[in-house]
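Chains, contacts and geometry: an overview
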Amino acid sequence: MAKYLTLLKSFRGEMKKSRFKIWLRAFLFLQFSLLFSIYFFRDIGRGYFNWEWVAIVFAAFIPIGFLLSLIVPMKAETEIQAVTFSLDRIYLFLIWFLVIAKLIIGRILFFTPEADFIMAAIIGIMFGRLGGIGLRVRHLKLKYGFAGTDIIRD
């Protein structure tokens, strides 16, 4: 039993590290992108939206995501030579609010373009935040002298 508790503590420690969290966010970004792409192809094919607007809205919301990355609580853990960060509740609320708004608005045929706008905004925010988090982690790693290491060294 003690072995499993040690393993669980070790896994929880790995989950807090920046490498795990960044890969998790990248995976979520890819999932949302794939799901929303299906909606985009359908709605663009029906004439409700177009790819130019997807690109414009996506690009316009990248800076907002980048700014949201600045409020993610992060710290350098010198004893394990890694950067750790915790959940950002503001971002989580914002994304869920936008997803729910998209689902509700998307049910009304007249508001399909607005739902597509929200989807492109979500992807832009997620992309910008992911990039901003990556830059902040890199900066902290360089500052504390453990750039490129996320592995506990014995």
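Heads up: these notes are all about the structure in this document. (Residues numbered from 1 in each chain as written. Predicted model: local features only at pLDDT ≥ 70, side-chain atom pairs only at ≥ 80, totals over all residues. Heavy atoms only, no water.)

It is worth spelling out helix α2 (residues 18-45) at this point. Since one α-helical turn is 3.6 residues long, residues separated by three or four positions face the same way. Here α2 is 28 residues long and its end C-alpha atoms lie 39 Å apart, about the 40 Å a rise of 1.5 Å per residue gives. All of the buried residues in α2 are Ser-18, Lys-21, Arg-25, Ala-26, Phe-29, Phe-32, Ser-33, Phe-36, Phe-40, Asp-43 and Ile-44. Gly-47 occupies a position one or two residues after α2 and carries a positive phi of about 85°. (Helix = DSSP H or I, 4+ residues; strand = E, 2+ residues; numbered from the N terminus. Expected span 1.5 Å × (residues − 1). Buried < 20%, exposed > 50% of the residue type's maximum accessible area, 1.4 Å probe, protein only.)

Glancing now at the pairing of strand β2 (residues 82-85). Residues of β2 alternate between two faces, with Ala-82 and Thr-84 on one and Val-83 and Phe-85 on the opposite face, all of them buried. Pairing of strand β1 (residues 74-77) with β2, which is carried by 4 bridges, proceeds in the antiparallel orientation. Residue pairing across strands places Lys-75 opposite Thr-84, the latter belonging to β2. Hairpin connection of β1 to β2: 4 residues between the antiparallel strands, including Gln-81 at a positive phi of 55°. (Pairing = 2+ DSSP bridges.)

Direction vectors running N to C along α2 and helix α5 (residues 112-144) enclose 160°, while the axes themselves pass 10 Å from each other. In terms of axis orientation, α2 runs roughly antiparallel to α5. For α2 against α5, the interelement crossing comes out left-handed. Class assignment for the residues of the contact of α2 with α5 results in 17 nonpolar, 4 polar and 5 charged. (Axes fitted to C-alpha atoms, helices over the stretch in contact; angles between N-to-C directions. Parallel < 35°, antiparallel > 145°, perpendicular 65-115°, else oblique. Left-handed = near helix turned anticlockwise from the far one by under 90°. Nonpolar A, V, L, I, M, F, W, Y, C, P; charged D, E, K, R; others polar.)

Counted at 1.5 Å a residue, the expected span for α5 with its 33 residues is 48 Å, and the 48 Å between its end C-alpha atoms agrees. Following α5 by one or two positions, Gly-145 adopts a phi angle in the positive range, close to 80°.

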